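Analysis of the macromolecular model
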Amino acid sequence: QVQLVESGGGLVQPGGSLRLSCVASGSIFSIGDMGWYRQAPGKQRELVASITGAKFTNYADSVKGRFTISRDNVKNTQYLQMNNLQPEDTAVYYCNAFIRRGVGSSLDEYWGQGTQVTVSS
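Everything quoted here is computed from the prediction, not taken from an experiment.

1. Here's the deal with the overall build of the protein chain
- The secondary structure content of the protein chain amounts to zero helices and 11 strands.
- Taking 2.2 N^0.38 as the reference for a compact globule, 121 residues should give roughly 14 Å; the C-alpha atoms of the protein chain span a radius of gyration of 14 Å, in line with that estimate.
- Taken over the C-alpha atoms alone, the protein chain extends approximately 50 × 25 × 25 Å along its principal axes.
- For the protein chain, restricting intrachain contacts to residue pairs at least 6 apart in sequence, the fraction spanning at least 24 positions comes to 55%.
- As presented, the protein chain carries roughly 6,400 Å² of accessible surface, and 48% of it is formed by carbon and sulfur atoms.
- Distance from the positive charge centre (11 side chains) to the negative charge centre (9 side chains) of the protein chain: 4 Å.

Okay, structure coming up:
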């Protein structure tokens, strides 16, 4: 069984920073692409940032220059450093990963449970 567990959400004032972490645990052979998504009330879930196993990154236009995604392949962990947070960044943030559980097995998609980020004065 594989589990993704996020941490690091919370309440922050506009202009502030937060760092989200997501640890993958369980029966893991290898991890492919990882990413962060967010869903604000009344809106669809959207991609915030993604990172490949070779650490190539991709960002939504709305967060470019403010957010940084990274990963530690030894610790099976990904991070999202969020700087200069704004009220429009308020959402539940979900981590995502494509994980292979054994040699020759398929890459299956997994999601974390979500962590709330609220930006408000």
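2. Some words on the packing of aromatic side chains
- Taken as a whole, this structure holds one aromatic pair when the rule is applied.
- Lying across the ring of Trp111, Arg45 places its NZ or CZ 4.7 Å from the centre.

3. Looking at the side chain of Thr77
- Looking at where Thr77 falls in the secondary structure, it is placed in strand S8 (residues 77–82).
- A relative accessible area of 5% means that Thr77 is categorised as buried.
- Within the local environment of Thr77, its side chain forms a polar contact with the backbone oxygen of Lys75, the two atoms lying 2.9 Å apart.
- Not counting residues within four places of it along the chain, the set of residues in contact with Thr77 comprises Cys22, Val23, Met34, Ser70, Arg71 and Asp72.

4. A word on the nonpolar core
- Leu80, Met82 and Tyr93 are the most contacted members of the largest nonpolar core, which totals 30 residues.
- Elements represented by at least two residues in this core include exactly strand S1 (2–7), strand S3 (18–26), strand S4 (30–39), strand S5 (46–51), strand S7 (67–72), S8, strand S9 (91–100) and strand S11 (115–119).
- Looking at which element gives the most residues to this core, the answer is S9, with five residues.
- Those residues within four positions of Met82 in sequence are excluded, and the remaining contacts are Gly16, Ser17, Leu18, Leu20, Arg66, Phe67, Tyr93 and Val117.

5. Observations concerning the layout of surface pockets
- Its boundaries defined by the atoms lining it, the largest pocket holds a volume of some 190 Å³.
- Taken together, 13 residues make up the lining of the largest pocket; nearest its centre are Arg38, Ala40, Lys43, Glu46 and Glu88.

6. Considering the state of the cysteines
- Counted by the stated rule, this structure contains one disulfide.
- The side chain of Cys22 participates in a disulfide bridge whose partner is Cys95; the two sulfur atoms lie 2.1 Å from each other. Because the torsion about its S-S bond is 55 degrees, the bridge between Cys22 and Cys95 counts as right-handed. Here the residue Cys22 occupies a position in strand S3, and Cys95 occupies one in strand S9, the gap between them amounting to 73 residues.
- Given a relative accessible area of 0%, Cys22 falls into the buried group.

7. A word on the pairing of S3
- In this sheet, S3 lies alongside S1 in antiparallel orientation, the contact comprising six bridges. Looking at the pairing, Glu6 lines up with Cys22 of S3.
- Examined bridge by bridge, S3 and S8 share six bridges and lie antiparallel to one another. Bridge pairing in S8 links Arg19 to Gln81.

Conventions adopted
Residues numbered from 1 in each chain as written. Predicted model: local features only at pLDDT ≥ 70, side-chain atom pairs only at ≥ 80, totals over all residues. Heavy atoms only, no water. Helix = DSSP H or I, 4+ residues; strand = E, 2+ residues; numbered from the N terminus. Rg over C-alpha atoms; globule rule 2.2 N^0.38 Å. Contact = heavy atoms within 4.5 Å. Areas by Shrake-Rupley, 256 points an atom, 1.4 Å probe, with all protein chains shown as cover. Lys, Arg positive; Asp, Glu negative; His and termini not counted. Charge placed at Lys NZ, Arg CZ, Asp CG, Glu CD. Phe/Tyr/Trp six-rings, centres within 6.5 Å; stacked < 30°, edge-to-face > 60°. Lys NZ or Arg CZ within 6 Å of the ring centre and 35° of its normal. Buried < 20%, exposed > 50% of the residue type's maximum accessible area, 1.4 Å probe, protein only. Polar contact = N/O pair within 3.5 Å; in protein donor to acceptor, adjacent residues only side chain to side chain. Core = buried A, V, L, I, M, F, W, Y, C linked by side-chain atoms within 4.5 Å. 1 Å grid on protein atoms, 1.4 Å probe; cavity = no way out; pocket = protein on both sides within 12 Å on 5 of 7 lines; lining within 4 Å. Points joined across faces, edges and corners; volume = space filled by probe spheres on them. Disulfide = S-S within 2.5 Å. Pairing = 2+ DSSP bridges.

Keep in mind these numbers describe shape, not what the thing actually does.
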